[in-house]
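Structural overview for review
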Amino acid sequence: MMRVDEAIEIILNTINPIAEIQFVDLFNGGGRILAEDVYSPFDVPPLNNSAMDGYAIISSDTKSASEDNPCCLKIINEIRAGEKSEGVIIQPGFATTIMTGAPLPEGADCIVPFEDAQEEKGILKIKKPIKPFDNVRFAGEDIKKGTLVLPKGTRLDSAEIGLLASVNIHKIPVFRKPKVAIISTGDEIIEPGETKETHKIYNSNAYVIYNEVLKYGGEPHYFGIVADDRENTLNKISQLFDHDIIISSGGVSMGRYDFIPEILSQANVEIKVHKVLMKPGKPVLFGASENKIYFGLPGNPVSVMISFLKFVRPAILKLSGAARISKPVITAKAGENFTKKEGRRFFLRGIYSEKNGELYVNSTGAQGSGILTSMSRANCLIILPEDCERINKDEKVQIELIHHREI
Ligand code: AMP
Ligand code: MG
(Lines give C-alpha, C1' and ligand atoms only; values in the text may rest on other atoms or scores of the structure.)
(Ligands and ions follow the chains in the order given, each with its own letter.)
Protein backbone atom coordinates (compact mmCIF):
# COMPACT_ATOMS: atom_id res chain seq x y z
CA MET A 1 0.00 0.00 0.00
CA MET A 2 1.36 3.45 -0.81
CA ARG A 3 1.68 6.53 1.33
CA VAL A 4 -0.46 9.65 0.86
CA ASP A 5 2.42 11.71 -0.57
CA GLU A 6 3.34 9.01 -3.08
CA ALA A 7 -0.28 8.83 -4.25
CA ILE A 8 -0.47 12.61 -4.65
CA GLU A 9 2.79 12.58 -6.62
CA ILE A 10 1.52 9.87 -8.97
CA ILE A 11 -1.73 11.74 -9.50
CA LEU A 12 -0.08 15.09 -10.18
CA ASN A 13 2.52 13.51 -12.48
CA THR A 14 -0.21 11.83 -14.50
CA ILE A 15 -2.18 15.01 -15.11
CA ASN A 16 -1.47 17.50 -17.86
CA PRO A 17 -3.13 20.90 -17.49
CA ILE A 18 -5.91 21.75 -19.93
CA ALA A 19 -4.37 24.15 -22.44
CA GLU A 20 -7.60 25.60 -23.88
CA ILE A 21 -8.04 29.29 -23.17
CA GLN A 22 -11.38 31.07 -22.85
CA PHE A 23 -12.23 34.70 -22.22
CA VAL A 24 -14.64 35.67 -19.45
CA ASP A 25 -15.88 39.06 -18.36
CA LEU A 26 -15.04 40.58 -15.00
CA PHE A 27 -18.31 39.41 -13.42
CA ASN A 28 -17.48 35.82 -14.23
CA GLY A 29 -13.79 35.70 -13.32
CA GLY A 30 -14.23 34.49 -9.71
CA GLY A 31 -12.59 31.11 -9.09
CA ARG A 32 -11.12 30.91 -12.60
CA ILE A 33 -7.44 30.36 -13.30
CA LEU A 34 -5.60 33.10 -15.19
CA ALA A 35 -4.16 31.73 -18.45
CA GLU A 36 -1.60 34.49 -19.21
CA ASP A 37 0.78 36.75 -17.32
CA VAL A 38 -0.80 40.18 -17.01
CA TYR A 39 1.43 43.28 -17.15
CA SER A 40 0.24 46.79 -16.49
CA PRO A 41 0.18 49.14 -19.49
CA PHE A 42 0.22 52.17 -17.17
CA ASP A 43 0.79 53.37 -13.62
CA VAL A 44 -1.96 52.78 -11.05
CA PRO A 45 -2.84 55.33 -9.81
CA PRO A 46 -2.03 57.22 -13.01
CA LEU A 47 -0.97 60.51 -11.35
CA ASN A 48 0.12 61.81 -7.96
CA ASN A 49 -3.19 62.56 -6.25
CA SER A 50 -4.83 63.50 -3.01
CA ALA A 51 -5.54 60.83 -0.38
CA MET A 52 -7.86 63.18 1.56
CA ASP A 53 -10.48 65.84 1.07
CA GLY A 54 -8.65 69.06 2.01
CA TYR A 55 -6.20 71.59 0.58
CA ALA A 56 -3.14 71.16 -1.62
CA ILE A 57 -0.33 73.38 -0.31
CA ILE A 58 3.45 73.76 -0.19
CA SER A 59 4.68 72.10 3.00
CA SER A 60 7.49 74.61 3.62
CA ASP A 61 4.85 77.36 3.98
CA THR A 62 3.79 75.72 7.24
CA LYS A 63 7.33 75.29 8.69
CA SER A 64 6.82 77.70 11.59
CA ALA A 65 3.02 77.33 11.92
CA SER A 66 1.69 77.05 15.52
CA GLU A 67 -1.49 77.70 17.53
CA ASP A 68 -0.37 81.27 18.21
CA ASN A 69 1.17 81.88 14.81
CA PRO A 70 -0.91 80.07 12.18
CA CYS A 71 0.20 80.02 8.58
CA CYS A 72 -2.27 81.87 6.36
CA LEU A 73 -2.68 80.90 2.69
CA LYS A 74 -4.92 82.31 -0.01
CA ILE A 75 -7.24 79.75 -1.59
CA ILE A 76 -7.19 80.12 -5.36
CA ASN A 77 -9.04 77.16 -6.80
CA GLU A 78 -10.95 73.92 -6.28
CA ILE A 79 -9.99 70.59 -7.92
CA ARG A 80 -12.58 67.82 -7.88
CA ALA A 81 -11.92 64.11 -8.42
CA GLY A 82 -12.16 63.47 -12.15
CA GLU A 83 -10.93 66.98 -13.04
CA LYS A 84 -7.53 67.84 -14.49
CA SER A 85 -5.16 69.90 -12.35
CA GLU A 86 -3.29 71.25 -15.36
CA GLY A 87 -3.08 75.04 -15.32
CA VAL A 88 -3.38 75.20 -11.52
CA ILE A 89 0.00 76.23 -10.13
CA ILE A 90 0.48 76.60 -6.40
CA GLN A 91 2.96 79.30 -5.47
CA PRO A 92 4.23 79.99 -1.92
CA GLY A 93 1.42 81.60 0.08
CA PHE A 94 -1.37 79.92 -1.92
CA ALA A 95 -3.52 76.81 -1.60
CA THR A 96 -6.27 75.04 -3.54
CA THR A 97 -9.19 73.05 -2.24
CA ILE A 98 -8.84 69.45 -3.43
CA MET A 99 -10.99 66.30 -3.18
CA THR A 100 -9.82 62.73 -2.59
CA GLY A 101 -8.53 61.24 -5.82
CA ALA A 102 -8.03 64.58 -7.59
CA PRO A 103 -4.60 65.09 -9.21
CA LEU A 104 -2.04 67.03 -7.20
CA PRO A 105 -1.50 70.44 -8.84
CA GLU A 106 1.92 71.70 -9.88
CA GLY A 107 3.86 73.30 -7.03
CA ALA A 108 1.94 71.63 -4.18
CA ASP A 109 3.67 68.81 -2.30
CA CYS A 110 1.18 67.85 0.42
CA ILE A 111 -2.46 67.86 1.43
CA VAL A 112 -3.88 69.34 4.64
CA PRO A 113 -7.14 67.55 5.47
CA PHE A 114 -10.22 69.75 6.00
CA GLU A 115 -10.28 68.77 9.67
CA ASP A 116 -6.74 70.16 10.26
CA ALA A 117 -7.33 73.65 8.86
CA GLN A 118 -9.82 76.51 9.07
CA GLU A 119 -11.13 78.39 6.07
CA GLU A 120 -12.43 81.92 6.43
CA LYS A 121 -13.28 84.31 3.61
CA GLY A 122 -10.95 82.63 1.14
CA ILE A 123 -8.05 82.42 3.60
CA LEU A 124 -6.81 79.13 4.99
CA LYS A 125 -5.34 78.96 8.50
CA ILE A 126 -3.04 76.07 9.42
CA LYS A 127 -1.81 75.78 13.01
CA LYS A 128 0.86 73.08 12.72
CA PRO A 129 3.64 72.18 10.29
CA ILE A 130 2.76 69.72 7.52
CA LYS A 131 5.39 67.33 6.20
CA PRO A 132 6.19 67.03 2.49
CA PHE A 133 4.06 64.35 0.77
CA ASP A 134 1.58 64.07 3.66
CA ASN A 135 -1.65 62.58 2.29
CA VAL A 136 -0.29 62.29 -1.24
CA ARG A 137 -0.79 59.06 -3.18
CA PHE A 138 1.99 58.60 -5.71
CA ALA A 139 1.59 57.62 -9.35
CA GLY A 140 2.26 53.88 -9.68
CA GLU A 141 2.37 53.26 -5.92
CA ASP A 142 -0.05 50.33 -6.35
CA ILE A 143 1.13 49.06 -9.75
CA LYS A 144 4.07 50.42 -11.77
CA LYS A 145 3.72 50.59 -15.57
CA GLY A 146 5.23 47.49 -17.19
CA THR A 147 5.31 45.35 -14.03
CA LEU A 148 3.68 41.94 -13.60
CA VAL A 149 0.26 42.44 -12.04
CA LEU A 150 -0.68 38.74 -11.80
CA PRO A 151 1.16 35.67 -13.08
CA LYS A 152 -0.42 32.96 -15.21
CA GLY A 153 -1.87 30.25 -12.94
CA THR A 154 -3.33 32.68 -10.39
CA ARG A 155 -6.70 31.61 -9.02
CA LEU A 156 -8.84 34.73 -9.25
CA ASP A 157 -10.62 36.02 -6.18
CA SER A 158 -12.15 39.43 -5.52
CA ALA A 159 -8.89 41.39 -5.11
CA GLU A 160 -7.42 39.87 -8.28
CA ILE A 161 -10.54 40.71 -10.27
CA GLY A 162 -10.26 44.28 -8.96
CA LEU A 163 -6.62 44.43 -10.05
CA LEU A 164 -7.49 43.21 -13.54
CA ALA A 165 -10.25 45.80 -13.80
CA SER A 166 -7.90 48.56 -12.67
CA VAL A 167 -5.44 47.75 -15.50
CA ASN A 168 -8.31 47.64 -18.03
CA ILE A 169 -8.44 43.85 -18.55
CA HIS A 170 -12.16 43.36 -19.14
CA LYS A 171 -11.96 40.10 -21.09
CA ILE A 172 -9.94 37.83 -18.84
CA PRO A 173 -7.98 34.94 -20.39
CA VAL A 174 -8.68 31.83 -18.27
CA PHE A 175 -8.22 28.12 -18.75
CA ARG A 176 -11.26 26.00 -19.57
CA LYS A 177 -12.81 24.42 -16.47
CA PRO A 178 -12.35 20.65 -16.19
CA LYS A 179 -15.60 18.80 -16.94
CA VAL A 180 -16.28 16.38 -14.13
CA ALA A 181 -18.78 13.48 -14.30
CA ILE A 182 -20.13 12.23 -10.98
CA ILE A 183 -21.92 8.95 -10.21
CA SER A 184 -22.88 7.18 -7.00
CA THR A 185 -22.80 3.41 -6.70
CA GLY A 186 -24.69 1.14 -4.33
CA ASP A 187 -27.89 -0.90 -4.15
CA GLU A 188 -28.64 0.74 -0.82
CA ILE A 189 -28.61 4.32 -2.12
CA ILE A 190 -31.71 6.35 -2.98
CA GLU A 191 -32.02 9.99 -3.94
CA PRO A 192 -33.21 12.65 -1.52
CA GLY A 193 -36.89 13.20 -2.32
CA GLU A 194 -37.59 9.50 -2.88
CA THR A 195 -39.67 7.55 -0.38
CA LYS A 196 -37.50 6.10 2.32
CA GLU A 197 -37.43 2.45 3.23
CA THR A 198 -35.54 1.62 6.39
CA HIS A 199 -32.88 -0.50 4.69
CA LYS A 200 -31.97 2.25 2.22
CA ILE A 201 -29.92 5.40 2.78
CA TYR A 202 -30.08 8.74 1.08
CA ASN A 203 -27.34 9.66 -1.35
CA SER A 204 -25.22 12.37 0.21
CA ASN A 205 -21.93 11.71 -1.57
CA ALA A 206 -23.01 12.92 -5.00
CA TYR A 207 -24.05 16.28 -3.61
CA VAL A 208 -20.93 16.65 -1.50
CA ILE A 209 -18.75 15.87 -4.51
CA TYR A 210 -20.75 18.18 -6.77
CA ASN A 211 -20.26 21.08 -4.38
CA GLU A 212 -16.55 20.36 -3.87
CA VAL A 213 -16.03 20.25 -7.64
CA LEU A 214 -17.74 23.64 -7.96
CA LYS A 215 -15.71 25.03 -5.07
CA TYR A 216 -12.38 24.15 -6.66
CA GLY A 217 -13.27 25.41 -10.11
CA GLY A 218 -14.47 22.30 -11.94
CA GLU A 219 -17.70 21.97 -13.95
CA PRO A 220 -19.71 19.18 -12.30
CA HIS A 221 -22.23 16.99 -14.13
CA TYR A 222 -24.23 14.44 -12.18
CA PHE A 223 -25.28 11.14 -13.75
CA GLY A 224 -27.24 9.46 -10.95
CA ILE A 225 -26.97 6.26 -8.99
CA VAL A 226 -25.87 2.95 -10.50
CA ALA A 227 -26.78 -0.32 -8.80
CA ASP A 228 -24.04 -2.78 -7.82
CA ASP A 229 -24.20 -4.55 -11.15
CA ARG A 230 -21.16 -5.09 -13.36
CA GLU A 231 -22.80 -4.60 -16.74
CA ASN A 232 -24.81 -1.51 -15.84
CA THR A 233 -21.87 0.13 -14.17
CA LEU A 234 -19.54 -0.59 -17.09
CA ASN A 235 -22.13 0.79 -19.50
CA LYS A 236 -22.61 3.92 -17.47
CA ILE A 237 -18.91 4.61 -16.97
CA SER A 238 -18.15 3.96 -20.65
CA GLN A 239 -20.51 6.78 -21.57
CA LEU A 240 -18.70 9.30 -19.41
CA PHE A 241 -15.27 9.40 -21.03
CA ASP A 242 -16.04 12.65 -22.82
CA HIS A 243 -15.40 14.28 -19.42
CA ASP A 244 -11.95 15.23 -18.15
CA ILE A 245 -12.56 13.50 -14.82
CA ILE A 246 -14.99 10.80 -13.72
CA ILE A 247 -15.66 10.47 -10.01
CA SER A 248 -17.64 7.64 -8.43
CA SER A 249 -18.30 6.93 -4.79
CA GLY A 250 -18.52 3.44 -3.30
CA GLY A 251 -17.61 0.09 -4.75
CA VAL A 252 -13.82 0.23 -4.31
CA SER A 253 -13.43 -1.74 -1.04
CA MET A 254 -13.20 -5.44 -0.30
CA GLY A 255 -16.95 -6.17 -0.49
CA ARG A 256 -18.30 -8.84 -2.79
CA TYR A 257 -20.16 -6.19 -4.79
CA ASP A 258 -17.32 -3.68 -4.98
CA PHE A 259 -16.85 -4.00 -8.74
CA ILE A 260 -15.28 -0.68 -9.68
CA PRO A 261 -11.61 -1.80 -9.99
CA GLU A 262 -12.58 -4.78 -12.14
CA ILE A 263 -14.87 -2.68 -14.34
CA LEU A 264 -12.20 -0.04 -14.86
CA SER A 265 -9.76 -2.64 -16.12
CA GLN A 266 -12.43 -3.75 -18.62
CA ALA A 267 -12.83 -0.10 -19.67
CA ASN A 268 -9.04 0.14 -20.29
CA VAL A 269 -8.47 2.47 -17.38
CA GLU A 270 -5.02 1.89 -15.90
CA ILE A 271 -5.30 1.79 -12.12
CA LYS A 272 -2.34 3.75 -10.79
CA VAL A 273 -3.37 4.08 -7.15
CA HIS A 274 -5.59 1.76 -5.17
CA LYS A 275 -5.54 1.75 -1.38
CA VAL A 276 -3.53 4.39 0.43
CA LEU A 277 -2.03 4.34 3.94
CA MET A 278 -4.52 6.81 5.37
CA LYS A 279 -7.58 6.98 7.57
CA PRO A 280 -10.22 7.71 6.56
CA GLY A 281 -10.11 7.09 2.80
CA LYS A 282 -7.92 3.99 2.58
CA PRO A 283 -9.74 2.27 -0.36
CA VAL A 284 -9.41 5.30 -2.67
CA LEU A 285 -8.62 4.54 -6.31
CA PHE A 286 -7.08 6.63 -9.08
CA GLY A 287 -6.81 5.55 -12.68
CA ALA A 288 -6.06 7.08 -16.06
CA SER A 289 -6.96 6.37 -19.65
CA GLU A 290 -5.33 8.53 -22.32
CA ASN A 291 -5.99 12.04 -21.04
CA LYS A 292 -9.05 11.11 -18.93
CA ILE A 293 -8.78 10.43 -15.25
CA TYR A 294 -10.90 8.41 -12.87
CA PHE A 295 -11.31 8.72 -9.13
CA GLY A 296 -13.05 5.88 -7.32
CA LEU A 297 -13.73 7.41 -3.93
CA PRO A 298 -14.77 5.17 -1.05
CA GLY A 299 -18.46 5.03 -0.07
CA ASN A 300 -18.33 6.38 3.45
CA PRO A 301 -19.15 10.09 3.47
CA VAL A 302 -16.15 11.27 5.51
CA SER A 303 -13.80 9.13 3.43
CA VAL A 304 -15.28 10.82 0.37
CA MET A 305 -14.55 14.28 1.73
CA ILE A 306 -11.02 13.53 2.93
CA SER A 307 -10.01 11.65 -0.20
CA PHE A 308 -11.51 14.46 -2.29
CA LEU A 309 -9.49 17.07 -0.41
CA LYS A 310 -6.27 15.07 -0.58
CA PHE A 311 -6.44 13.79 -4.18
CA VAL A 312 -9.28 15.18 -6.29
CA ARG A 313 -8.86 18.81 -5.28
CA PRO A 314 -5.16 18.93 -6.33
CA ALA A 315 -6.06 17.07 -9.53
CA ILE A 316 -8.74 19.62 -10.46
CA LEU A 317 -6.41 22.50 -9.68
CA LYS A 318 -3.53 21.01 -11.70
CA LEU A 319 -5.87 20.28 -14.63
CA SER A 320 -7.15 23.85 -14.44
CA GLY A 321 -3.63 25.26 -14.69
CA ALA A 322 -3.46 26.55 -11.11
CA ALA A 323 0.03 27.39 -9.89
CA ARG A 324 -0.70 27.00 -6.18
CA ILE A 325 -2.17 23.72 -5.02
CA SER A 326 -1.41 22.98 -1.35
CA LYS A 327 -3.61 24.13 1.50
CA PRO A 328 -2.04 25.91 4.48
CA VAL A 329 -0.62 23.63 7.18
CA ILE A 330 0.19 25.23 10.53
CA THR A 331 1.18 24.02 14.00
CA ALA A 332 -1.10 24.01 17.04
CA LYS A 333 -0.97 22.54 20.54
CA ALA A 334 -2.96 19.38 21.12
CA GLY A 335 -5.92 20.20 23.33
CA GLU A 336 -6.21 16.52 24.27
CA ASN A 337 -4.25 13.25 23.84
CA PHE A 338 -4.43 11.75 20.36
CA THR A 339 -3.60 8.08 19.90
CA LYS A 340 -3.54 5.73 16.93
CA LYS A 341 -1.86 2.62 15.61
CA GLU A 342 1.32 3.07 13.58
CA GLY A 343 1.23 2.76 9.80
CA ARG A 344 -1.42 4.98 8.30
CA ARG A 345 -1.68 8.76 8.24
CA PHE A 346 -4.73 9.88 10.17
CA PHE A 347 -6.74 12.95 9.33
CA LEU A 348 -8.83 13.68 12.40
CA ARG A 349 -11.51 16.29 12.08
CA GLY A 350 -10.54 19.11 14.40
CA ILE A 351 -11.54 22.48 15.74
CA TYR A 352 -8.76 24.94 16.38
CA SER A 353 -9.14 28.03 18.48
CA GLU A 354 -6.96 30.59 20.19
CA LYS A 355 -6.36 30.64 23.94
CA ASN A 356 -3.93 33.07 25.63
CA GLY A 357 -2.20 33.82 22.36
CA GLU A 358 -1.70 30.18 21.36
CA LEU A 359 -3.54 27.91 18.96
CA TYR A 360 -5.09 24.78 20.40
CA VAL A 361 -6.80 21.98 18.55
CA ASN A 362 -9.35 19.42 19.66
CA SER A 363 -11.06 16.67 17.76
CA THR A 364 -14.70 17.14 16.84
CA GLY A 365 -15.59 13.94 18.76
CA ALA A 366 -16.53 10.57 17.26
CA GLN A 367 -14.36 10.01 14.18
CA GLY A 368 -16.07 7.16 12.31
CA SER A 369 -15.83 7.45 8.54
CA GLY A 370 -19.61 7.52 8.30
CA ILE A 371 -20.00 10.41 10.75
CA LEU A 372 -20.41 13.37 8.43
CA THR A 373 -21.29 15.71 11.32
CA SER A 374 -17.59 15.43 12.34
CA MET A 375 -16.71 17.10 9.05
CA SER A 376 -19.38 19.74 9.37
CA ARG A 377 -18.11 20.82 12.79
CA ALA A 378 -14.45 20.89 11.79
CA ASN A 379 -12.40 23.89 10.75
CA CYS A 380 -9.21 21.86 10.27
CA LEU A 381 -7.79 18.38 9.85
CA ILE A 382 -5.42 17.16 12.56
CA ILE A 383 -2.59 15.29 10.86
CA LEU A 384 -1.20 12.30 12.74
CA PRO A 385 1.78 11.06 10.67
CA GLU A 386 2.27 7.43 9.61
CA ASP A 387 4.96 6.63 12.17
CA CYS A 388 3.27 8.38 15.08
CA GLU A 389 1.32 6.46 17.72
CA ARG A 390 0.58 9.17 20.20
CA ILE A 391 0.51 12.92 20.61
CA ASN A 392 0.07 14.06 24.18
CA LYS A 393 -1.99 17.00 25.30
CA ASP A 394 -0.01 20.26 24.88
CA GLU A 395 2.42 18.71 22.40
CA LYS A 396 2.65 20.27 18.96
CA VAL A 397 0.63 18.82 16.11
CA GLN A 398 0.18 19.87 12.50
CA ILE A 399 -3.21 20.98 11.33
CA GLU A 400 -4.44 21.64 7.82
CA LEU A 401 -6.88 24.52 7.48
CA ILE A 402 -9.90 23.39 5.53
CA HIS A 403 -12.64 25.95 5.85
CA HIS A 404 -13.56 29.03 7.77
CA ARG A 405 -17.26 29.01 8.22
CA GLU A 406 -17.22 32.14 10.32
CA ILE A 407 -15.83 34.51 7.71
P1 AMP B 1 -19.01 0.86 -0.17
O2 AMP B 1 -17.58 1.31 -0.18
O3 AMP B 1 -19.64 0.89 -1.50
O4 AMP B 1 -19.12 -0.45 0.50
O5 AMP B 1 -19.78 1.91 0.73
C6 AMP B 1 -19.50 2.00 2.11
C7 AMP B 1 -20.62 2.67 2.83
O8 AMP B 1 -20.68 4.02 2.44
C9 AMP B 1 -22.01 2.14 2.54
O10 AMP B 1 -22.33 1.11 3.37
C11 AMP B 1 -22.87 3.33 2.79
O12 AMP B 1 -23.20 3.38 4.17
C13 AMP B 1 -22.00 4.50 2.50
N14 AMP B 1 -22.33 5.09 1.21
C15 AMP B 1 -22.01 4.59 -0.01
N16 AMP B 1 -22.44 5.40 -0.99
C17 AMP B 1 -23.05 6.44 -0.38
C18 AMP B 1 -23.69 7.64 -0.86
N19 AMP B 1 -23.78 7.89 -2.16
N20 AMP B 1 -24.18 8.51 0.05
C21 AMP B 1 -24.07 8.24 1.37
N22 AMP B 1 -23.48 7.17 1.87
C23 AMP B 1 -22.97 6.26 1.03
MG1 MG C 1 -21.28 -0.01 -2.22
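Before any of the text, the structure's been laid out above.
A brief report on the enclosed structure follows. Remember, it's a predicted structure, so these values are computed and weren't measured experimentally. (Residues numbered from 1 in each chain as written. Chains lettered and ligands numbered in written order. Predicted model: local features only at pLDDT ≥ 70, side-chain atom pairs only at ≥ 80, totals over all residues. Heavy atoms only, no water.)

**What to know about the nonpolar core**
Formally: In plain words, nonpolar cores are sets of buried Ala, Val, Leu, Ile, Met, Phe, Trp, Tyr and Cys residues tied together by side-chain atoms within 4.5 Å. Three exposure classes are used, based on accessible area relative to the maximum for each residue type with a 1.4 Å probe and protein chains only: buried under 20%, partly exposed in between, and exposed over 50%. In this text, helices come from DSSP runs of H or I with a minimum length of four residues, and strands from runs of E with a minimum of two, each type numbered from the N-terminal end. The contact criterion used is simple: two residues touch if any of their non-hydrogen atoms lie within 4.5 Å.
Residues Ile247, Val276, Ile293, Phe295, Leu297, Phe308 and Phe311 are the most contacted members of the largest nonpolar core, which totals 49 residues. Listed by contribution, the elements that provide at least two residues to this core are helix 1 (4–14), strand 13 (179–185), helix 3 (205–215), strand 17 (245–249), strand 20 (285–289), strand 21 (292–297), helix 6 (301–319) and strand 26 (380–384). At 12 residues, the largest contribution of residues to this core is made by helix 6. Not counting residues within four places of it along the chain, the set of residues in contact with Leu297 comprises Ile209, Ile247, Ser248, Ser249, Gly250, Val252, Val284, Val304, Ser307, Phe308 and Val312. Of all hydrophobic cores here, the second largest spans 16 residues; its members include Ala181, Val226, Leu240 and Tyr294.

**Thoughts on the environment of Val397**
Locating Val397 in the fold gives a position in strand 28 (residues 396–401). If we skip the residues at most four places from it in the chain, Val397 touches Ile330, Thr331, Ala332, Ala334, Val361, Ile382, Ile383, Leu384 and Ile391.

**With respect to the sheet that holds strand 4 (residues 54–57)**
Convention followed: Here, strands pair whenever DSSP counts at least two bridges between them. An axis is simply a line fitted to the C-alpha atoms; with a helix, the fit covers only the stretch in contact. Between two such axes, the angle follows the N-to-C directions and lies from 0 to 180 degrees.
With mixed pairing, 6 strands are arranged side by side in an open sheet as 7-4-6-5-9-8. Of all the strands in the sheet, the pair left with one neighbour each is strand 7 (110–113) and strand 8 (117–120). On average, each strand axis in the sheet is inclined to that of its neighbour by 40°, with strand direction left out of account. Of the pairings in the sheet, the one linking strand 5 (residues 71–79) to strand 9 (residues 123–126) comprises 4 bridges and is antiparallel in character. Its bridge partner lying in strand 9, Cys71 is registered against Ile126.

**Examining the site of ligand 1**
What counts, and what does not: Being near a molecule or strand, for a residue, means having at least one of its heavy atoms within 4 Å of it. The term polar contact refers here to a pair of N or O atoms within 3.5 Å; inside protein, the definition further demands a hydrogen-donor-capable atom paired with an acceptor-capable atom, and it admits residues adjacent in sequence only when both atoms are side-chain atoms. Here the open area of atoms and residues is found with the Shrake-Rupley method and a 1.4 Å probe, where only the protein chains shown may cover a residue. When residues are sorted by character, Ala, Val, Leu, Ile, Met, Phe, Trp, Tyr, Cys and Pro go into the nonpolar class, Asp, Glu, Lys and Arg into the charged class, and all the rest, Gly among them, into the polar class.
Ligand 1 sits among 17 residues. The nearest are Asn203, Ser204, Asn205, Gly251 and Gly299. In the model, an oxygen atom of ligand 1 is placed 2.9 Å from a nitrogen or oxygen of the Gly251 main chain. Taking 480 Å² as the accessible area of ligand 1 by itself, protein coverage stands at 77%. For the shell around ligand 1, a count of residues per class yields 4 nonpolar, 11 polar and 2 charged.

Taken by themselves, the reported measurements are silent on function.
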